[in-house]
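# A structural walkthrough
One-letter residues, chain by chain:
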Amino acid sequence: MLGAALLSASRSPRLRRTLVAAPVTRRVVDRFVAGEQLPAAMAAAGHLVSLGLMVTMDHLGEDVTTVADATTARDAYLRAVDAIGAVGLGSAAELSVKLSAFGQALPGGHDAALANVEAVAAAASDAGTTVTLDMEDSTTVDSTLAVLRSLRTRHPGTGGVLQSYLLRTPDDTRALAAEGSRVRLVKGAYREPPDTALQDKRAIDRAYEQCLAILMAGPGYPMIGSHDPRMIDCAQRLARTYGRAADSFEFQMLYGMRPREQQRLAGLGYRTRVYLPYGTDWYGYFMRRLAERPANVLFFLRALTTRA
Ligand SMILES: Cc1cc2nc3c(=O)[nH]c(=O)nc-3n(C[C@H](O)[C@H](O)[C@H](O)COP(=O)(O)OP(=O)(O)OC[C@H]3O[C@@H](n4cnc5c(N)ncnc54)[C@H](O)[C@@H]3O)c2cc1C
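In this text the structure is predicted, and so the values were computed from the model without any measurement.

Looking now at the overall build of the protein chain. Looking only at helices and strands, one finds 13 helices and eight strands in the protein chain. Whereas a compact globule of 308 residues would reach a radius of gyration of roughly 19 Å, the protein chain reaches 18 Å, a difference of no more than 12%. By principal-axis analysis of the C-alpha atoms, the protein chain measures approximately 50 × 45 × 40 Å. Taken over 308 residues, the protein chain has a buried fraction of 54%. Between the centroid of the 36 positive side chains of the protein chain and the centroid of its 31 negative side chains there is a distance of 7 Å.

Set out below in structure tokens:
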């Protein structure tokens, strides 16, 4: 209930204005967002890498409404690729991109988003790193998977994301469980109707485990995007069952979420990557984090009542 209300609220311009302007919000946002500018994000990335973790950097922004904004988003990513290349972090730091930030929803947006992300993927290849295409709401899945297929013909390291709550995902998983294919499996963070997505948490978890089994049995590179101890156990079990080498899959968690668990997994020798968002346009990302976990809302409410 609360989650659904928060996901609706994430679309409210009025609430957005109020929350973004509230000083207390900033303190809470800092827990989930690694800074507003690239230097702060690079410092956070360097710190995590020094702890034995890897990162995927997300320049926050989505739902752009003009071509100029899409170009601005692309250029922000090109600067991030430059920064990663300049400090030689290419083997440990990659980029996560939302195609809506690259103009996907504009008229002719599919081609515009492809052209924008192509520029970033090409620069990333030159810098020795990769791009992963985040998955957004269900109306964008066909376009995003088509962009992924196209990019992979030129930049085979490009990764994609599948959401276990979508009814179509088992089919998409089988299609993507191919040689060299990097697939991040998540549960899904958007509000979707019952004819499109599972609504029951247990059913979503079961679907996650089924899709994960398909990925772990296949020849691709699964990326387990979850903080859920049950999904993490399941991945470890499947890795043993299929005799997977430690470098043939990775765990991924969001910045500020279960940081001790991130380090524990890295300490056990698992490749573990932190999804590191940065930038000024943090509202939609922040609201989805509140929506998926009551403890995050409590943390926010506590911050509202304390001055420290
Ligand atoms: C790296 C990464 C990338 C993502 N990319 C996308 C994307 O492209 N598209 C998309 O739609 N969604 C994305 N998501 C979000 C995802 O879809 C889920 O909404 C989100 O991860 C919550 O699901 P969960 O599996 O982490 O655990 P949940 O189902 O939220 O929680 C299950 C259980 O895990 C434990 N748990 C969860 N979080 C915590 C915590 N912070 N501290 C302690 N215990 C915890 C609790 O026991 C909880 O009951 C991404 C998530 C990650 C981690």
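Taken together, 25 residues surround the ligand, and among them Met135, Lys187, Gly188, Ser226 and Glu292 come closest. In the model, an oxygen atom of the ligand is placed 2.9 Å from a nitrogen or oxygen of the Gln163 side chain. Protein coverage of the free-state accessible area of the ligand, which is 950 Å², stands at 83%. Among the elements of the structure, β4 (159-163), β5 (182-186), β7 (250-254) and α12 (283-292) are those that each provide at least two residues to the shell around the ligand. It is β7 that contributes the most residues to the shell around the ligand, three residues altogether.

This next bit is on the pattern of salt bridges. What the rule picks out here adds up to 14 salt bridges. Residue Asp75 pairs with Arg74 through a salt bridge whose shortest N-O separation is 2.9 Å. The salt bridge partner of Arg230 is Glu209, with a shortest N-O separation of 4.0 Å. Of this pair, Arg230 sits in helix α10 (residues 229-241) while Glu209 is found in helix α9 (residues 201-217), placing the two residues 21 residues apart along the sequence. Salt bridges sharing common partners tie together Lys187, Asp205, Glu209, Asp228 and Arg230.

The next subject is the packing of aromatic side chains. Scanning the model with the defined rule gives seven aromatic pairs in all. Here the aromatic rings of Trp282 and Phe286 are separated by 5.9 Å at their centres, their planes lie at 90 degrees, and the arrangement is edge-to-face. On the accessibility criterion, Trp282 (3% relative accessible area) is buried. Residue Phe286 is classed as buried on the basis of its relative accessible area of 1%. Taken together, the ring pairs connect Phe32, Trp282 and Phe286 into an aromatic cluster. Seen from the ring of Tyr285, Arg289 lies directly overhead, with NZ or CZ sitting 4.5 Å from the centre.

What follows deals with the sheet that holds strand β2 (residues 93-97). Two modes of strand pairing occur in sheets, parallel and antiparallel, and in both the strands are linked by backbone hydrogen bonds. A barrel is described by the order of its strands in space; here eight strands give the closed sequence β1-β2-β3-β4-β5-β6-β7-β8, paired in parallel fashion. On average, each strand axis in the sheet is tilted by 30 degrees relative to the strand beside it, whichever way the strands run. Pairing analysis gives four bridges linking β7 to strand β8 (residues 272-278), with the strands arranged parallel. Directly across from Phe251, in β8, lies its bridge partner Thr272. In this fold helix α6 (residues 109-126) packs onto β2 and β3 (131-133), with an angle of close to 150 degrees to the strand it touches most, β3.

Now for the pairing of strand β6 (residues 221-225). Of all the five residues making up β6, five are buried; the element is thus mostly covered by neighbouring parts of the structure. Across the two faces of β6 the burial is the same, with Tyr221, Met223 and Gly225 and Pro222 and Ile224 all buried. Assessed by its sense of winding, the connection that carries the chain from β5 through α9 to β6 is right-handed. With three bridges connecting them, β6 and β7 associate as parallel partners. Looking across to β7, one finds that Gly225 is bridged to Gln252.

Where α9 meets α10, the axes come as close as 10 Å, and the angle between the chain directions of the two elements is 25 degrees. The angle between α9 and α10 falls in the class roughly parallel. Seen from above, α9 lies across α10 with right-handed handedness. Packed against α9, whose contacting residues are Asp205, Tyr208, Glu209, Leu212, Ala213 and Met216, the element α10 presents Arg230, Met231, Cys234, Ala235, Leu238 and Ala239 at the interface. Here the residues of the contact of α9 with α10 sort into nine nonpolar, no polar and three charged.

Here is what the cut-offs are and how they apply
- Residues numbered from 1 in each chain as written.
- Predicted model: local features only at pLDDT ≥ 70, side-chain atom pairs only at ≥ 80, totals over all residues.
- Heavy atoms only, no water.
- Helix = DSSP H or I, 4+ residues; strand = E, 2+ residues; numbered from the N terminus.
- Rg over C-alpha atoms; globule rule 2.2 N^0.38 Å.
- Buried < 20%, exposed > 50% of the residue type's maximum accessible area, 1.4 Å probe, protein only.
- Lys, Arg positive; Asp, Glu negative; His and termini not counted.
- Charge placed at Lys NZ, Arg CZ, Asp CG, Glu CD.
- Near = heavy atom within 4 Å.
- Polar contact = N/O pair within 3.5 Å; in protein donor to acceptor, adjacent residues only side chain to side chain.
- Areas by Shrake-Rupley, 256 points an atom, 1.4 Å probe, with all protein chains shown as cover.
- Salt bridge = Lys/Arg side-chain N within 4 Å of Asp/Glu carboxyl O.
- Phe/Tyr/Trp six-rings, centres within 6.5 Å; stacked < 30°, edge-to-face > 60°.
- Lys NZ or Arg CZ within 6 Å of the ring centre and 35° of its normal.
- Pairing = 2+ DSSP bridges.
- Axes fitted to C-alpha atoms, helices over the stretch in contact; angles between N-to-C directions.
- Contact = heavy atoms within 4.5 Å.
- Right-handed = clockwise from strand over helix to strand, strands pointing away.
- Parallel < 35°, antiparallel > 145°, perpendicular 65-115°, else oblique.
- Left-handed = near helix turned anticlockwise from the far one by under 90°.
- Nonpolar A, V, L, I, M, F, W, Y, C, P; charged D, E, K, R; others polar.

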